[in-house]
Amino acid sequence: VWYAVLGKELSKVSPAFAEASKQRPEPWKMGVVIAQGIVIASVISYIIGVVSFVDALQLSFLLWLGLAAMQWVGSMVWEKVPLKMAAIHGGDWLVKLLIIGSIVGVWQ
Amino acid sequence: MSVIDNNRKLNYLAILVATIVAFVASALWYSVIFGKAYASLRGGAPVAPEPWQILVEFAKTLVVAYVVARFLMLFTLTGPSGSKAALSLTAWLWIFPVMILLGSILHENVPWGLGAIHAGDWLMKLLVMALILSIWRTETTAK
């Protein structure tokens, strides 16, 4: 949904995404995306453990800040990745981590 | 008990030292160890970093060290401790940058070699930070 909403904006700054969005997504890539989601959810569940809902959200935010956001800051500084592209991908990670964190926090 | 608002303080001196060591190790990683391969994969000759890039990188490393310290504290509250916790935590935390880099390789056409160099840098930095923070355990109880 995130990339469907922001796909046009991402296409402006990412030639690879613009090219890929003209074609039907390759099944193996979709499989990898799903596998990534499962891995991330499992790791968050393991690292965060049994905590309250609010703690789970805060810890998810910390994970995003320390790992995902810093990865994209590095990409902007050293690889000249456009701010818009980093913001779209970084935002996707924030939403993903907060959703997974809140589910882990509630479902225990 | 909230693991966020527990009454333990972080060892900020250890965080600063972990930041400095990881920062220097990362600089060596991208210059002495993989400098040529990194420049080649980016399609150009090695370029000396600008001062503002070095400053941002240091700040970035500081944020990562702070987050590792927070999670190491949480980890040792709920699971293993010492170096075992550090190694275990490193492996788990490393999965996040690896997943991001994998996404860049798959969807943004970032070369595998470049992703591998960055992933190795993340692993080395996280390992260095977690080891320093776990060995230098002077978490004190707030009064």
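Residues numbered from 1 in each chain as written. Chains lettered and ligands numbered in written order. Predicted model: local features only at pLDDT ≥ 70, side-chain atom pairs only at ≥ 80, totals over all residues. Heavy atoms only, no water.

## Observations concerning a nonpolar patch on the surface
Residue and element names in this part refer to chain B. Where nonpolar side chains cluster on the molecular surface, the patch consists of Leu-13, Leu-16, Ile-20, Val-24, Leu-28, Val-32, Ile-33, Leu-62 and Trp-136 and spans about 790 Å² of accessible area. If you tally residues by element for the nonpolar patch, the top one is helix α1 (residues 12–33), at seven residues. One can find Ile-20 in helix α1. (Patch = residues over 30% accessible without salt bridge, like charges linked within 9 Å, V, L, I, M, F, W, Y side chains within 5 Å. Areas by Shrake-Rupley, 256 points an atom, 1.4 Å probe, with all protein chains shown as cover. Salt bridge = Lys/Arg side-chain N within 4 Å of Asp/Glu carboxyl O. Helix = DSSP H or I, 4+ residues; strand = E, 2+ residues; numbered from the N terminus.)

## Observations regarding the environment of Gly-37 of chain A
All names here are of chain A. Tracing the chain through its elements places Gly-37 in helix α3 (residues 27–48). Exposure remark for Gly-37: the relative accessible area of 29% places this residue in the partly exposed category. A C-alpha to C-alpha distance of 23 Å links Gly-37 and Gly-74, two positions 37 residues apart in sequence. (Buried < 20%, exposed > 50% of the residue type's maximum accessible area, 1.4 Å probe, protein only.)

## Re the confidence of the model for chain B
Detailed reading of the predicted coordinates is not advisable wherever pLDDT is low. Residues and elements named next belong to chain B. A residue-level look at chain B finds 85% of positions with pLDDT of 70 or above and a mean pLDDT of 84. For residues 139–143, every residue scores under 50 in pLDDT, and the model assigns this stretch nine contacts once sequence neighbours within four places are set aside. Across the whole predicted complex the pTM is 0.85, and at the interface the ipTM reaches 0.81. (pLDDT = per-residue confidence, 0-100. Contact = heavy atoms within 4.5 Å.)

## Some remarks on the environment of Leu-16 of chain B
Tracing the backbone shows Leu-16 of chain B in helix α1. Between the C-alpha atoms of Leu-16 of chain B and Ala-65 of chain B, which are 49 residues apart in sequence, the distance is 7.9 Å.

## Re the interface of chain B and chain A
Across the boundary between the two partners, chain B contributes 39 residues, which contact 39 residues of chain A. Ranking the residues of chain B by area buried against chain A places Phe-96, Ile-100 and Glu-108 of chain B at the top, with a combined share of 19%. Between the two partners, chain B and chain A, sit one salt bridge. Residue Arg-42 of chain B is joined to Glu-79 of chain A by a salt bridge in which the shortest nitrogen-to-oxygen separation is 3.5 Å. For the pair chain B and chain A, the interface holds nine residue pairs in polar contact (both at pLDDT 80 or more). Taken together, the elements giving at least two residues each to the side of chain B that touches chain A come down to α2 (35–42), α3 (51–78), α4 (82–107) and α5 (112–135) of chain B. At 14 residues, α4 of chain B tops the list of elements feeding residues into the side of chain B that touches chain A. Its residues assigned to classes, the side of chain B that touches chain A shows 26 nonpolar, eight polar and five charged. (Buried area = accessible area lost by both parts, 1.4 Å probe. Polar contact = N/O pair within 3.5 Å; in protein donor to acceptor, adjacent residues only side chain to side chain. Nonpolar A, V, L, I, M, F, W, Y, C, P; charged D, E, K, R; others polar.)

## Here's the deal with the environment of Val-106 of chain A
Inspection of the secondary structure assignment puts Val-106 of chain A in helix α5 (residues 83–106). Along the sequence, Val-106 of chain A and Tyr-46 of chain A sit 60 residues apart, while their C-alpha atoms lie 15 Å from each other.

## Points about the pattern of salt bridges
All names here are of chain B. Under the definition given, this model contains five salt bridges over all chains. One salt bridge in this structure joins Lys-125 and Glu-57, with 3.9 Å as the shortest N-O distance. Of this pair, Lys-125 sits in helix α5 while Glu-57 sits in helix α3; the two residues are 68 residues apart in sequence, bridging distant segments of the chain. Residue classification places Glu-57 among the buried positions, given a relative accessible area of 10%. Lys-125 sits in the buried class, given a relative accessible area of 3%. One salt-bridge network, in which partners are shared between bridges, spans Glu-57, Lys-60, Asp-121 and Lys-125.

## Some words on α5 of chain B
For α5 of chain B, with 24 residues, the first-to-last C-alpha span of 34 Å sits near the 34 Å given by 1.5 Å per residue. Of all 24 residues that make up α5 of chain B, 17 are buried, and the element is covered over most of its length. (Expected span 1.5 Å × (residues − 1).)

## Focus on α1 of chain B
All names here are of chain B. The end-to-end C-alpha distance of α1, which contains 22 residues, comes to 30 Å, matching closely the 32 Å that a straight helix rising 1.5 Å per residue would cover. Along α1, the residues that are buried comprise Ala-14, Ile-15, Ala-18, Thr-19, Ala-22, Phe-23, Ala-25, Ser-26 and Trp-29. N-cap assignment for α1: the residue whose side-chain oxygen lies 3.3 Å from the backbone N of Leu-13 is Asn-11.

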